[in-house]
Amino acid sequence: MNRNFLFPMVSAFLLILGTGVPSMAGEPTEQIKQTTDKILSILADPNLKNPARAEERKQSVRRTIDGRFDWEELARRSLAQYWAQRTPDEKEEFIQLYRELLARTYLNKVQDYSGETVRYEGENIESDYATVKVRILTAKNTEISVDYRVMKRRSNWLVYDISIEGVSLVNNYRSQFNSILQKSTYEELVKKLKEKSLTEKP
Amino acid sequence: MRINSGSPIWIALWLIAFPSLSAAQAIVQFYPNEVSRVDSQFETGVSEPAFENIEKPSTWVAAATPEPQGPEWKADDAEFETSEVNIPDPFEPLNRISFQFNDKLYFWLLKPVAVGYKAVVSQEYRVCFRNFFENLIAPVRVVNCALQGKFKGAGYETVRFFINTTLGFFGFFDQGKDKFNIDKCDEDFGQTLGFWGMKPVFYLEWPVLGSSSLRDTIGFVGDLALDPRTYIFRPIVSVVRPIEIVNDVSLRIGQYEDLKEAAIDPYVAKRDAYHQYRNNKIME
């Protein structure tokens, strides 16, 4: 019935791309923008556009994104009450699988960048937590609002959730994990994650 | 997704026949917990930017950050909750059947047709058609803005409707937004009910129509009364309606695929995305 909710909840990483001058550039916004510009420069690099170096280009983007995300925090929030029941090894494995799933799904999206423009709309800071508000204008003339939830780790603001049109990535995965864990076991969840993130795509 | 708005009776029948089985019971049993939102203040505080140390080694692992272990998750930790928790889904088995049906409908019918249509009609035209259909249901937005006390929004929508219908050539161009910078006040009756405190009650996945809730289904039927298409000669609607749907799908190819690709359980992912999206719309 309501058509747009599917919209870009998955194009998250694509959204880090784009240009725009932060209007009230606080530290969190500056850092998000810095990552954005870095990815853009990788994508624009003529040397890396050679198909032979496609993998290198992908890895380079991935490294840049990796440095901006707090994967442990993402994993912890997504597993929520089930996180505490896991052993350190299980936690480590889960973080890696979850990260792999997100990276795989989204890295392909980065290649689809087609001139969306980004407006930095401001930020909320509450001690070590902040929200960076962004608005993306697509070629199809629709506007998408995106919130980056970031937290301060030493001098870096790291992303622990992305919310697109009010749909939080972490909440979305949490409800999926919850639903699986209520009906079956943690082992089953890990199996499903592995199927999704480790099998080679056609 | 509105399908045949020429037949509100058909939808009303679905509504009565399908979920009323134990609706009352479900309302009592599955009343969702409310989780308060934290309103954080807006700050523009700027400290010195730290551009160094941004890159982390490629083999970054959690252990590389010698941070103290974060606090374990607590249900009452407001920081974690940005939306109300899961939507009740007492009809999950039935909903999953509809979900499968809609999935096939999309991949076997809607998508192939939309891909062909997309190849023939350029994006500019498709955006214009979408504008036209959106302009047509301006009465729905005006009334629902007003019902929520958003009189400024209702006024803007009225003005936008007149500008788009005249200067925008029957709504094909969104002049109100492009030239006069009048923002849309996108409200429907489901949101109005939510605004006045009604919960979604439970999730519903309708065949053809897609994601909804009991509240939004009531809202959908209510909005039909304000939809000009309800009153237009049926045969015309039956011809134009499929074009509208195909046009709409052609502008969104890939979104559903993306959702499925990223999800561990696509049904739950869609249900939750719908729930969060509607909550956010109501709070706007």
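Residue numbering note: each chain is counted from 1, following its sequence as written. Here chains are named by letter from A upward and ligands by number from 1 upward, in the order in which they appear as written. Per-residue local features are limited, in this predicted model, to residues with pLDDT of at least 70; the limit for side-chain atom pairs, both in listing and counting, is 80 or more; totals at the level of whole chains, interfaces and linings are taken over all residues. Heavy atoms throughout the structure, all of them, feed into the side-chain values; hydrogens and water do not.

**Quick word on the overall build of chain B**
Phase 1: Where helices and strands are cited, they refer to DSSP runs of H or I of at least four residues and of E of at least two residues respectively, numbered from the N terminus. Scanning chain B from terminus to terminus reveals 13 helices and two strands.
Phase 2: Whether a residue is buried, partly exposed or exposed follows from its accessible area with a 1.4 Å probe, protein chains only, as a fraction of its type maximum: under 20%, in between, or over 50%, in that order. Here chain B holds 284 residues, and the buried ones make up 49% of them.
Phase 3: Accessible surface area values rest on a Shrake-Rupley calculation with a 1.4 Å probe, where residue burial reflects the displayed protein chains alone. Summed over all atoms, the accessible surface of chain B reaches about 14,200 Å², with 67% contributed by carbon and sulfur.

**Digging into the sheet that holds strand β5 (residues 167-168) of chain A**
All names here are of chain A.
Phase 1: Here, strands pair whenever DSSP counts at least two bridges between them. Judged by pairing direction, the sheet is antiparallel, and its five strands sit side by side in the order β1-β2-β3-β4-β5 without closing on themselves. Among the strands making up the open sheet, the edge pair consists of β1 (117-126) and β5.
Phase 2: Pairing geometry for strand β2 (residues 129-137) and strand β3 (residues 143-153), over nine bridges, is antiparallel. By the bridge assignment for β3, tyrosine 129 is matched with methionine 151.
Phase 3: When checking whether two residues touch, look at their non-hydrogen atoms; a contact exists if any pair is within 4.5 Å. Only the stretch in contact is used when fitting a helix axis, every axis being a line fitted to C-alpha atoms; angles between N-to-C directions are given from 0 to 180 degrees. Across the sheet, helix α3 (residues 71-79) touches β2, β3 and β4 (156-164), and the angle it forms with β4 is around 40°.

**Overview of the state of the cysteines**
Residue and element names in this part refer to chain B.
Phase 1: Pairs of cysteine sulfur atoms within 2.5 Å are what we label disulfides. The tally for this structure, following the rule as stated, stands at one disulfide over all chains.
Phase 2: Sulfur-sulfur distance for the disulfide between cysteine 145 and cysteine 185 comes to 2.4 Å. Residues cysteine 145 and cysteine 185 are joined by a disulfide whose S-S torsion is about -130°; by sign, that bridge is left-handed. Of this pair, cysteine 145 sits in helix α5 (residues 138-147) while cysteine 185 sits in the loop between α7 (175-178) and α8 (189-195); the two residues are 40 residues apart in sequence, bridging distant segments of the chain.
Phase 3: Taking the relative accessible area as the measure of exposure, cysteine 145 reaches 0% and is therefore buried.
Phase 4: Taking relative accessible area as the criterion, cysteine 185 reaches 11% and is therefore assigned buried.

**Points about the pairing of strand β2 (residues 210-213) of chain B**
Successive residues of a regular strand alternate their side chains across the two faces of the sheet.
Residue and element names in this part refer to chain B.
Phase 1: Bridge count for strand β1 (residues 203-206) against β2 is four bridges, and the pairing is antiparallel. Across the sheet, glutamate 205 pairs through a bridge with serine 211, a residue of β2.
Phase 2: Taking the residues between adjacent antiparallel strands as the criterion, β1 and β2 are bridged by three residues, where valine 208 takes a positive phi near 70°.

**Topic: helix α6 (residues 186-198) of chain A**
Residues and elements named next belong to chain A.
Phase 1: In this scheme, a helix's expected span is set at 1.5 Å multiplied by one less than its residue total. Between its first and last C-alpha atoms α6 spans 17 Å; for 13 residues at 1.5 Å apiece the expected length is 18 Å, and the two agree.
Phase 2: Within α6, burial applies to Tyr186, Leu189, Val190, Leu193 and Ser197. Projected down its long axis, α6 carries its buried residues within an arc of 95°, all on one side. Directions drawn from the helix axis to the C-beta atoms are what define this arc.

**Focus on the packing of aromatic side chains**
Phase 1: When two rings of Phe, Tyr or Trp (its six-membered ring) have centres within 6.5 Å they constitute a pair, described as stacked for plane angles under 30 degrees, edge-to-face for angles over 60, and tilted for the intermediate range. What the rule picks out here adds up to 20 aromatic pairs over all chains.
Phase 2: Aromatic side chains tyrosine 98 of chain A and tyrosine 173 of chain A sit 5.4 Å apart centroid to centroid with 75° between the ring planes, which places their arrangement in the edge-to-face category. With tyrosine 98 of chain A in helix α4 (residues 88-110) and tyrosine 173 of chain A in helix α5 (residues 169-183), the pair connects residues that are 75 residues apart, well separated along the chain. The burial state of tyrosine 98 of chain A is the same as that of tyrosine 173 of chain A; both residues are buried.
Phase 3: A ring pair is formed by tyrosine 203 of chain B and tyrosine 267 of chain B, whose centres lie 6.1 Å apart and whose planes are at 75°; its orientation type is edge-to-face. With tyrosine 203 of chain B in strand β1 and tyrosine 267 of chain B in helix α13 (residues 266-283), the pair connects residues that are 64 residues apart, well separated along the chain. Each of the two residues, tyrosine 203 of chain B as well as tyrosine 267 of chain B, counts as buried.

**Section: the confidence of the model for chain A**
Phase 1: Along the chain, pLDDT gives the predictor's confidence residue by residue, from 0 to 100. Mean pLDDT over chain A stands at 82; residues scoring 70 or higher make up 83%.
Phase 2: A low-confidence stretch, residues 7-23 of chain A (pLDDT under 50), is modelled with 65 contacts involving residues beyond four sequence positions or located in other chains.

**Some thoughts on the packing of helix α3 (residues 92-120) of chain B against helix α12 (residues 255-262) of chain B**
Residue and element names in this part refer to chain B.
Phase 1: Close contact between α3 and α12 brings their axes to 12 Å; oriented N to C, the two are set at 135°. Classified by the interaxial angle, the pair formed by α3 and α12 is oblique. In terms of crossing hand, the pair formed by α3 and α12 is left-handed. Each of Phe99, Asp103, Tyr106, Phe107 and Lys111 in α3 lies in contact with α12, whose residues at this interface are Tyr256, Glu257 and Lys260.
Phase 2: For this classification, Asp, Glu, Lys and Arg are treated as charged, while Ala, Val, Leu, Ile, Met, Phe, Trp, Tyr, Cys and Pro are nonpolar and the rest, including Gly, are polar. Class assignment of the residues belonging to the contact of α3 with α12 gives a composition of four nonpolar, no polar and four charged. Here roughly perpendicular refers to angles of 65 to 115 degrees, roughly parallel to angles under 35, roughly antiparallel to angles over 145, and oblique to all remaining angles. Two helices that cross are described as forming a left-handed crossing if the nearer one is turned anticlockwise from the farther one by less than a right angle, and a right-handed crossing if clockwise.

**Some words on unusual backbone geometry**
Phase 1: Notably, arginine 154 of chain A is not glycine yet its phi reads approximately 50°, a positive angle.
Phase 2: Residue placement: arginine 154 of chain A occurs in the loop between β3 and β4.
Phase 3: The class of arginine 154 of chain A is exposed, set by a relative accessible area of 60%.
Phase 4: Despite not being glycine, valine 208 of chain B shows a phi value in the positive range, around 70°.
Phase 5: Relative to the helices and strands, valine 208 of chain B is located in the loop between β1 and β2.

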